[in-house]
Structure formats: structure tokens, C-alpha cells
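Commentary on secondary and tertiary structure
Chain residues, written in single-letter form:
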Amino acid sequence: MRLGSGTFAACCVVIEVLGVALFLRGFFPAPVRSSSRTEHQAEPPAPEPSTGASSNWTKLPPPLFSKVVIMLIDALRDDFVFGSKGVKFMPYTTYLVEKGASHSFVAEAKPPTVTMPRVKALMTGSLPGFIDVVRNLNSPALLEDNVITQAKAAGKRMIFYGDETWVKLFPQHFVEYDGTTSFFVSDYTEVDDNVTRHLDKVLKRGDWDVLILHYLGLDHIGHISGPSSPLIGHKLSEMDNILMKIHTSLLSEERENLSPNLLVLCGDHGMSETGSHGASSMEEVNTPLILISSAFERKPGDIRHPKHVQQTDLAATLAIGLGLPIPENSVGSLLFPSIEGRPVREQLRFLHLNAVQLSKLLQENVPSYKKEPGFEQFKMAERLHGNWIRLYLEENTSEVLFNLGTKVRRQYLDALRTLSLSLSRQVAQYDIYSMLVGTVMVLEVLTLLLLSIPQALSSKAELEVPLWSPVFSLLFYLMFLVLSALHVIVCTSAESSCYFCGLSWLMAGGVMVLISALLCAVVSALAKMFASGKLLSKNPAHPNSRWSELDVVILLGTTGHVLSLGASSFIEEEHQTWYFLVNTLCLALCHEIYRNCFLGDDCEPRRCSHGERGFVNTAPALQDGSIGHDELEPHRASKSPTSLNTLRGWEKWMAMASPWVILTCCRLLRSLNQTGVQWAHRPDLGHWLTSSDHKAELSVLAALSLIMIFALVQRRCSLTSKVAMALGLLGVYCYRAAIGNILFPWQRDSKDISKGLIEARFVHVFVLGILFTGTKDLLKSQVIAADFTIKTVGLWEIYSGLVLLAALLFRPHNLPVLVFSLLIQTIMTKFVWKPLRHDAAEITVMHYWFGQAFFYFQGNSNNIATVDISAGFVGLDTYVEVPAVFLTAFATFAGPVLWASHLVSFLSSETSSGSALSHACFCYALICSFPVSAYIILVTSLRYHLFIWSVFSPKLLYEGMHILITAAICVFFTAMDQTNTKS
């Protein structure tokens, strides 16, 4: 069966997406936790240890607090409370921390620092999986043992107001609730007002035991304008007043009931310097945790500095405070200051219950648990505890009892600390079988692409896939039987859950059929390559064939980038790799341009055809004489000159200056956004522009950028699209002015701030109009096959529509990124690709490299915190999942997408060869498959690495998204190639 190169590459990438998805499902397991405590009778609590005399304390201790109020402020950083902002904007909270009846902590949140995993950690005490960063968009019901479920089982009446994530995690647990969406980040006022409006009536009622309030406004302000925004101070003052209202109400109730209540102020995660979160920087993981109660009396002169604890410690503390069993999967330890005012026997009882729970968890997860230091410390503490109980029951009140009690308490605290640390370090249970199946699929696709290079890059751009040959069929059936037998053996002997084994036999069989077919195709390609090798002696390679400097740069750059993924520091600072590669590429182009200008025709004999020396021609079969020189002719520009010497004077000088202009643009863009980890905190031009003191400068820059965008894009658009583009860009400025990012010329300040819904939707209409016009032209070109201009205009209009959408979603200070992207594309098209007659393969690689560089020029990194989710809500007044996810993904990957779109437009309009798009699609698929395949192997081998969750896992998610976008790009390439063929 014969397939075109583009169609073959698109099919391969789609299969690779399936393989990557299966690998990710195994690498990020999402197991359903045991819910035994909710389905069966709860286990009785461990009795009090004793030696000689029997203790009569076998039940859970009574609750320490009558009512508990949890006030969770989303994205509340520790310095917002304990720093200068807390002193200035939260005076009441500061008073409670410094002089009031409270205990203050800095709670560390483990990555990923997004809401849903952090809520799970707070209520279960366990460490959620990293895949929860994806499931955060649609939280499933929590089946794992947790404080909320225990409270409901104990008959506690709970009320919740705030982020609807709680309602999804704990359905039917609250007697009263009002959920608000956490994803509509443009709203930072109503989202909190909807919580506060219930407070007055609820605080006056006495028919509840637990009240949970989750405020989202602070997080939304961070996403919109960052932690330095003046809105932060106003929001902190609002939260301080609410805290004072709640605390005052609880104190008045305590005077009537004579029973202490507990008020908990905490954050789920922090906020980075850009206002986002999700990663592991200090600003994102350090959150305040303040326990406020009249039971925590403070003597005069008692100075309590905030202690560093783990966020998971809150679950055990709440369980003890409410008289509930500690969640069975909790790895946290009881916050001892919350019970240090209790009698010694109660203190030791609480600590013993926590230690027993942690030791059981250790026994279930560590086979050699008896050798663990924490378990040995626990056993020692338990023996000492038994001795203390014996002395206590004998009514011994000597100093020996007091000293022994102090020793037991210290021993328990050491054991808890060691047990908690040991359990927190336990690695995830990987689904190795699913990971292996996904890896095999990805590697088979990469191998098949490599072996198909000679045929795929020939002038016909076609290759033969021998699906129906007898040898192929025999090998296929044999492989299918072997894989089926292996599947049965693995799934019947697996001790832990396996996603691939849980699939239906139809789906699992389909995957095995796919793997068998790919393996047979690989074997067939290898056989052809060896057969071609035999012919090599009869048809020696062309003696003049050699690689150019540009090909060497491309090959070494691609290889170097793949190898750099093996180091965590290179992953954190990957933008430096792409900046270096783009700069090196510019220097290589500069050398090529100068050689053509000064040597002229003398250099022509030394130039081999690009088709023969392209970077992808690494297979020996390329030198096969059966693939003649004519088949590998490069794709020349239909109207381009044959040499730089034929250019007019100023054009020649522009060509010679073009690499240096591009280098200058790249250097300016590097100064715009500091990204990565090591230098992300350093000031950059973007921070300077976004500060409130330089709003006028930002407004001028945004206006000039929008004018430049129009000037660079409109040149090939139809008149209708030009008008739509002009009005759309005007709407972009109006939208940013409406939400207060920039100013109109007649404005002095930005007091009248709105959500900009009308302005954003105004732009969306023009984006859809331009895309519709371009699609109409493409369909029209199918009817009028002779009119090639209609198709090129249609492709450029689709590209223009995407540019307008990017201008709308980009923050104002990032608009120069879009301008420089268009400028570099224009310079490369006119003065590099056309005059130097680069082939489709080289042009594709250059587009790919620049697309990756512009991904980082936007301020992105391999850190989840740099994802600007506010872009997903431009023009939306409520959270709608599909458009929000699409807009966020497009804004994040705008660089690669726009450069790929420009590649399609350029090759369709500037080349006469009908196979250019097929070659480009194949090369794009190949160069994207290299890093994905290598990275999958890398993270498998480094799955127990110290930085596997903080560094390698976020990059793996980016690679998964990247290969999905690559599949969409390749499908678009193939569709355009089919229109070329029909034309």
C-alpha cells in the first residue's frame, strides 16, 4: 500500500500520541483509594499502652473544640501575612499572630501547587499524585479516607461556601453549600462576595459544627496582575475584616457555651512573582497556617515565631481537635502546640494515636519497616509510655513521673517526625506495564520514521507499506499471539492495579494489533535498507555529495538538545538551549550568505543538492544509486533568483544584514521576560512595564506593537480581511484598556475597570470572520483548481486570524514578542529562504527551532506556574471548559503554532514542487518525535530521581501536550497537501 509522506507522518504521530497517552497514564497513576472506613465499621482506636496494669482508656478522646471554622484564602503567601504586607493590610491578623491566643506556622505545600491536590492534602494528610494538576480542571469525588468523611460519619453538621472544588471532592457531605467556580479568574469581587454574604446569618446560627470558607479573589488578582498589584492590598484588608468578624462571633459564643472553638486561617498554595502557581518555588510552596482559639492562652512576654511544618500536618490536627480518627493515609504529624495546654496523659494519648496510624501506614508500604528508624523510635516511645501509664495508675506524683512523661513526649515527637519524613519520601507506585507498552509504541514510530527517510524525502514523496505481503502477515500473526500470551501472563500475575490490564479485551487487542503491525513495518523497512546496501557496491554514492555547515548545525543542535534533557538543570533552563541554538543558526546563515555574496558562482560546484545533504538524510540508504539525483532535487522557490548576486543593491545589503537583525531581535526578546528557575527572580523589561508606575509607557508600546502587527500581516490579505484585522487590533487595545492594563490617550488613570467582555467578544467576532474567510478561499480553490492565488490568500488569512487571536490573548507587555515573530518571518522569507534556495526539510527545521524559541520568549518555561490561565477567560463571563482550555493552550503554545502555520503558508505559496508540504510534514513529525521518545526513556530510567516530581514530571506534561499539538499540525499539513495534489 502506497502512502504519501505527509499522510504517513500524520498517521505515525497520531499513533505516537496514543503511545504517549498510555505512558502518561502509567507514569501518573490515578488509583482509587480504599474506602473501607466508609463502607465498613471503623476500626477501634489503639488502646493506651501499659505494662503491668491495664488502662481503661480504649476509646477516642473527646473533641478539643466545640466548633471549627476553616478560612482558606486561595494563593495566600506566607509573606502576605507574616511580612510587611501583613502588617500594613492585615492588622487584626498580625495582632493575633504576635499577641493573641494563636499558634502560627509556615506550612509547606508539595508540588503541584494547584488547588485540588492541595485541598486533598489538607483534608487527607496524604501526598496527592502529580497527575492531579490535570485533574484539577474537573475534580472527581474523593474516595480516600479524609477528615470531611470522618466528620460526616460522626454526625458533624458541615457548611461550605466558596470554591466548588470542595463540592466535587465531597459530594453530599455538606448540609448547606454554595459553590463558586475557581477558573473564571477575571472575577475577583463577586466570587468572594458570594461567600461573605452568607456569613452574618450562619454565624448567628448554632446548628453547625464545621464551617469551611474558600476565598478565591486573591488568587484571581494574582493571575490577572501579579503579587505587586495594588489590588492585593485591598483584598488582604477585606480578608482581615472577615477574619475579625468570624473571630469576634466565635468569642462571643464561647462566653455563652464555655467551650473553646477553633478558627483556622490557611492558604492552599502560594503565588509566584508572576502571579501564577503550580511549581515548587519558595513563593509558591510556603503558605501561612494560623490556629486561633481561646484554648491557646498566651502569657505576657510569650513570643511565638512561626514554625515550619508540612501542609499535611493539618489533617491529623483537625481530626484530633474534632475527636475523629486520623485519616488512614495521612503522612502528617500532629501539630503539638495545639495540645500542649492539655494534661500530660491526654498529650501522650494523642501522640500515641498519631504514631500508631503512621506506623501502620509504614508497615503497608515498606516491606522492611522494622529496620526503619522511625519505627524503632515509635516502639521505644510506646514502651516508655507503658511505663509512664503504670506509674500514673499507681498514683505516683513524684518528679520521676514528670521527667518520664517529658521523655516519652520527646520520644513520640521524634518518632512522628521521622515516620512522617520516611512516608513522605516513599515513591509512587508506577504502572510499569502501561509505561512499557506506551514506550514500545513511541519507539516503533520513531524507528519507522527514521527508516522511511529515503522514500519519504524522494521527489515522489511516497513510500510503500507492505501490509498485505505473506511474510508480513506471518510475522504479524506470530507477534500478535506472543503479545497476547504476554498480556495474559502479566495481567494475571500483577499484584498491583494496572491500567492497561483494566482495558477491555477489544481495546487491549487493538493496541497489540497496532504494535504488531508497527513492528512488521519496521522489519520490512530494515530488510529494504539492507537490500539497498547490497546494491550499493554496484552503484557507488555520488562523489560530490557532502553535508553543508547548516546541515551539521541542524544535526548537532537537534542531538545536543535531546541529550540536554538528561540533566535537571538543563530542563529548568531549557530556554537557554533554544536561545543558543537559534543564535548559532543565525551565525550559520550569516556564513552561508556571505559565502554566496563574496564567492559567487565559485562556490556553486561545492554545493550539493539540499535533498541529498538534508539533516534527515542520516540513513545509509540515501546513498543508494537507485534513488537518483533527479529524485532528490530540492524544492526551489518558483520566483526566487538563482543567487544572492542577482539581488539589487539594497536587497543584497539587507540580505547580508538579515542574520544580525534577527540576532538583535532575539537579544531584545531575551530581556523582555526572565524565565526558567535560576534567573527568574531577576528584574526584566516585562516587570518594569507591568508596574503601575509605567502604565503610560506600556500603553505606547502596546499601541505601536498593534500598528506593527497590522503592517506586517495585512500585505497579503484581502480587503475584507484587512478591514477586519484593523478593527480587531483596535478592539484588542480597547479590551486591555477596559480591564485596566493600559490607558487610552485621554485617560489619566484606570479607575473604571471592567471585565472587558464586550471588547473581547468584539475581537473574537473578527477572529472568526477572518478564519471563515480564509477557509472559504481554501474551499473555493478546490473548485477553481487553476487559480493558485486564492489558496495562498486563504492560507495567509487563516494565519492572520491566529495572529489576531494571539494579540488578544497575549498580555500587553508580550505584544512585542508577536511583532518580532512576524518581523523575523518576513526577513527570513525575503532575504534568506528564497535567495539561498533552502529545501523544505531545512526550512521546516528552522521554523521548528524558532517556534520553540518563541515559546520561551513569551515567558514560558518547563514550570507549570508560567501557564497564564487568565488567557482562557478572555471574553467569557462564566467558566466554559472547552473554550477555556483551548484558549489557554493556544496562548501557551502560540509560538510553535504560529510558526507552523507560517510554514504551511510559505511552502504553499513559494514553492513549485508539489511534494514540499509532504516533506515538511514528515520532517516536522520526525524532529518532534526525537525529544519525546528520548524523554520518555529518560524519565523511565530516572523515575526514582530526587527531582522527578518537581522538574522532570512538569516537562513530561509539556512534552505530552507538544506531541498532541504536533499531531494537529501534521493533520493540517496533510490536508493542505491533499488540496495541492487535487489542484
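Residues numbered from 1 in each chain as written. Predicted model: local features only at pLDDT ≥ 70, side-chain atom pairs only at ≥ 80, totals over all residues. Heavy atoms only, no water.

1. Observations concerning the overall build of the protein
Helices and strands together make up the secondary structure of the protein, namely 39 helices and 10 strands. The 983 residues of the protein split such that 57% are buried. Across the protein, the fraction of contacts at a sequence separation of at least 24, relative to all contacts at a separation of at least 6, is 78%. As presented, the protein carries roughly 40,400 Å² of accessible surface, and 62% of it is formed by carbon and sulfur atoms. (Helix = DSSP H or I, 4+ residues; strand = E, 2+ residues; numbered from the N terminus. Buried < 20%, exposed > 50% of the residue type's maximum accessible area, 1.4 Å probe, protein only. Contact = heavy atoms within 4.5 Å. Areas by Shrake-Rupley, 256 points an atom, 1.4 Å probe, with all protein chains shown as cover.)

2. A look at the pattern of salt bridges
With the rule as written, the count across this model stands at 22 salt bridges. The partner of Asp 877 in a salt bridge is Arg 761, with the nearest N and O atoms 3.4 Å apart. Pair noted here: Asp 877 is in the loop between helix H35 (840-857) and helix H36 (881-892) and Arg 761 is in helix H32 (residues 757-783), with a separation of 116 residues, a long-range link. Asp 877 sits in the partly exposed class, given a relative accessible area of 40%. (Salt bridge = Lys/Arg side-chain N within 4 Å of Asp/Glu carboxyl O.)

3. Structural notes on the state of the cysteines
Within the structure shown, the criterion is met by one disulfide. Here Cys 590 stays unpaired: no disulfide links it, and the sulfur of Cys 586, its closest cysteine neighbor, is 9.1 Å away. For Cys 590, a relative accessible area of 6% translates into the label buried. The structure places no disulfide on Cys 921, whose sulfur is separated from the nearest cysteine sulfur, that of Cys 970, by 4.0 Å. Overall, the relative accessible area of 0% leaves Cys 921 in the buried class. (Disulfide = S-S within 2.5 Å.)

4. Some remarks on the nonpolar core
Grouped together as the largest cluster of nonpolar side chains are 173 residues, with contacts concentrated most on Ile 709 and Phe 850. Of the residues that make up this core, three or more belong to each of domain 1 (2-28 + 432-533) and domain 4 (566-599 + 644-910). Phe 850 has contacts with Val 582, Leu 585, Cys 586, Ile 662, Cys 666, Ile 824, Met 828 and Trp 899, leaving out every residue within four places of it along the chain. Ranked by size, the runner-up nonpolar core spans 71 residues in total, among them Leu 262, Ala 316, Ile 320 and Leu 391. (Core = buried A, V, L, I, M, F, W, Y, C linked by side-chain atoms within 4.5 Å. Domains from an automatic or database assignment.)

5. Overview of the environment of Lys 460
Within the secondary structure, Lys 460 sits in the loop between helix H20 (453-456) and strand E10 (462-464). Considered as a pair, Lys 460 and Ser 5 are 455 residues apart in the sequence and their alpha carbons are 8.8 Å apart.

6. Examining unusual backbone geometry
Look at Gln 172: it is not a glycine, yet its phi comes out positive at around 60°. Note on placement: Gln 172 falls in the loop between helix H9 (165-169) and strand E5 (176-180). By relative accessible area, which is 71% here, Gln 172 ends up exposed. At Arg 837, a residue that is not glycine, the phi angle is positive and equals roughly 55°. With respect to the element layout, Arg 837 can be found in the loop between helix H34 (815-836) and H35.

7. Quick word on the pairing of strand E6 (residues 210-215)
Burial of E6 is extensive: six of the six residues sit out of reach of the surface. Side-chain alternation along E6 places Val 210, Ile 212 and His 214 on one buried face and Leu 211, Leu 213 and Tyr 215 on a second face that is also buried. Two strands pair when backbone bridges link them, and strand E2 (residues 68-73) and E6 are joined in this way by six bridges, in the parallel orientation. Bridge assignment links Val 68 to a residue of E6, and that residue is Val 210. Two elements, strand E4 (residues 158-163) and E6, share five bridges in a ladder whose sense is parallel. Bridged to Met 158 within E6 is Val 210. (Pairing = 2+ DSSP bridges.)

8. Topic: the sheet that holds E5
Pairing within the open sheet is mixed, and its eight strands lie in the order E5-E4-E6-E2-E7-E8-E3-E9. At either margin of the open sheet sits one strand with a lone partner, and together these are E5 and strand E9 (307-310). Shown here is a sheet whose adjacent strand axes are inclined to one another by a mean of 15°, direction ignored. Across the sheet, helix H13 (residues 230-257) is in contact with E2, E6, strand E7 (262-266) and strand E8 (286-292); its angle to E2 comes to roughly 175°. (Axes fitted to C-alpha atoms, helices over the stretch in contact; angles between N-to-C directions.)

9. Notes on the packing of H34 against helix H37 (residues 894-910)
Between two packed helices, both the angle of their axes relative to each other and the distance between the axes serve to describe the pair. Contact pair H34 / H37: the axes reach a minimum separation of 12 Å and the direction vectors enclose 30°. Judged by the angle between their axes, H34 and H37 are roughly parallel. The way H34 lies across H37 gives a crossing that is right-handed. In this structure, H34 contributes Leu 818, Ser 821, Ile 824, Gln 825, Thr 829, Trp 833 and Lys 834 to the contact, and H37 contributes Leu 898, Trp 899, His 902, Phe 906 and Glu 910. Class assignment of the residues belonging to the contact of H34 with H37 gives a composition of six nonpolar, four polar and two charged. (Parallel < 35°, antiparallel > 145°, perpendicular 65-115°, else oblique. Left-handed = near helix turned anticlockwise from the far one by under 90°. Nonpolar A, V, L, I, M, F, W, Y, C, P; charged D, E, K, R; others polar.)

10. What about helix H6 (residues 115-124)?
Counting buried positions along H6 yields 10 of 10 residues, so the element is predominantly enclosed. Buried within H6 we find Thr 115, Met 116, Pro 117, Arg 118, Val 119, Lys 120, Ala 121, Leu 122, Met 123 and Thr 124. Once H6 finishes, Gly 125 follows within two positions and takes phi at roughly 80°, a positive value.

11. Quick look at the side chain of Ser 516
Within the fold, Ser 516 resides in helix H23 (residues 505-536). Separated by 2.8 Å, the side chain of Ser 516 and the backbone oxygen of Met 512 make a polar contact. For Ser 516, the residues in contact, after removing those within four places along its chain, are Phe 476, Met 479, Phe 480 and Leu 483. (Polar contact = N/O pair within 3.5 Å; in protein donor to acceptor, adjacent residues only side chain to side chain.)

12. Focus on empty space enclosed by the protein
For the structure on display, the rule yields eight cavities of 30 Å³ or more. Along the wall of the largest cavity there are 15 residues; nearest its centre are Gln 852, Tyr 856, Lys 955, Glu 959 and His 962. A class-by-class count of the residues in the lining of the largest cavity yields eight nonpolar, four polar and three charged. (1 Å grid on protein atoms, 1.4 Å probe; cavity = no way out; pocket = protein on both sides within 12 Å on 5 of 7 lines; lining within 4 Å. Points joined across faces, edges and corners; volume = space filled by probe spheres on them.)

13. Describing the pairing of E2
Counted residue by residue, E2 has six buried out of six residues, so it is predominantly covered. Along E2, one buried face is formed by Val 68, Ile 70 and Leu 72 and the opposite face, lined by Val 69, Met 71 and Ile 73, is buried too. Across five bridges, the pairing between E2 and E7 is parallel. Its bridge partner being in E7, Ile 70 is matched across the sheet by Val 264.

14. A closer look at the packing of aromatic side chains
Summed over the entire model, instances satisfying the criterion amount to 29 aromatic pairs. Aromatic side chains Tyr 733 and Phe 744 sit 5.8 Å apart centroid to centroid with 55° between the ring planes, which places their arrangement in the tilted category. Taken together, the residues span a long stretch of sequence, with Tyr 733 in helix H31 (residues 719-738) and Phe 744 in the loop between H31 and H32 at a distance of 11 residues. Judged by its relative accessible area of 12%, Tyr 733 falls in the buried class. Where Phe 854 meets Phe 857, the ring centres are 5.1 Å apart and the plane angle is 80°; that geometry is what we call edge-to-face. (Phe/Tyr/Trp six-rings, centres within 6.5 Å; stacked < 30°, edge-to-face > 60°.)

15. Regarding the confidence of the model for the protein
Averaged over every residue, the pLDDT of the protein is 84; the share at 70 or more is 86%. When the criterion is pLDDT under 50, residues 534-545 qualifies, and its contacts beyond four places in sequence or with other chains add up to 11 contacts. Here residues 601-642 is modelled with pLDDT under 50, and outside its nearest four sequence neighbours on either side it reaches 109 contacts, counting other chains as well. (pLDDT = per-residue confidence, 0-100.)

16. Remarks on a nonpolar patch on the surface
Taken together, the side chains of Leu 719, Val 723, Leu 727, Leu 730 and Phe 762 present a nonpolar region at the surface, about 480 Å² in accessible area. In terms of residue count, H31 provides more of the nonpolar patch than any other element does, four residues in total. Following the sequence through the fold, Val 723 ends up in helix H31. (Patch = residues over 30% accessible without salt bridge, like charges linked within 9 Å, V, L, I, M, F, W, Y side chains within 5 Å.)

17. Side note on the environment of Ser 950
Mapped onto the secondary structure, Ser 950 falls in helix H39 (residues 948-982). C-alpha separation for the pair Ser 950 and Ala 279, spaced 671 residues apart in sequence, amounts to 6.9 Å.

18. Comments concerning the packing of H31 against H32
Contact pair H31 / H32: the axes reach a minimum separation of 8 Å and the direction vectors enclose 155°. When the axis of H31 is compared with that of H32, the two are roughly antiparallel. When the axes of H31 and H32 are compared, the crossing they make is left-handed. Each of Ser 721, Ala 724, Met 725, Leu 727, Gly 728, Gly 731, Val 732, Cys 734, Tyr 735 and Ala 738 in H31 lies in contact with H32, whose residues at this interface are Glu 759, Ala 760, Phe 762, Val 763, Phe 766, Ile 770 and Thr 773. Looking at the contact of H31 with H32, its residues break down into 12 nonpolar, four polar and one charged.

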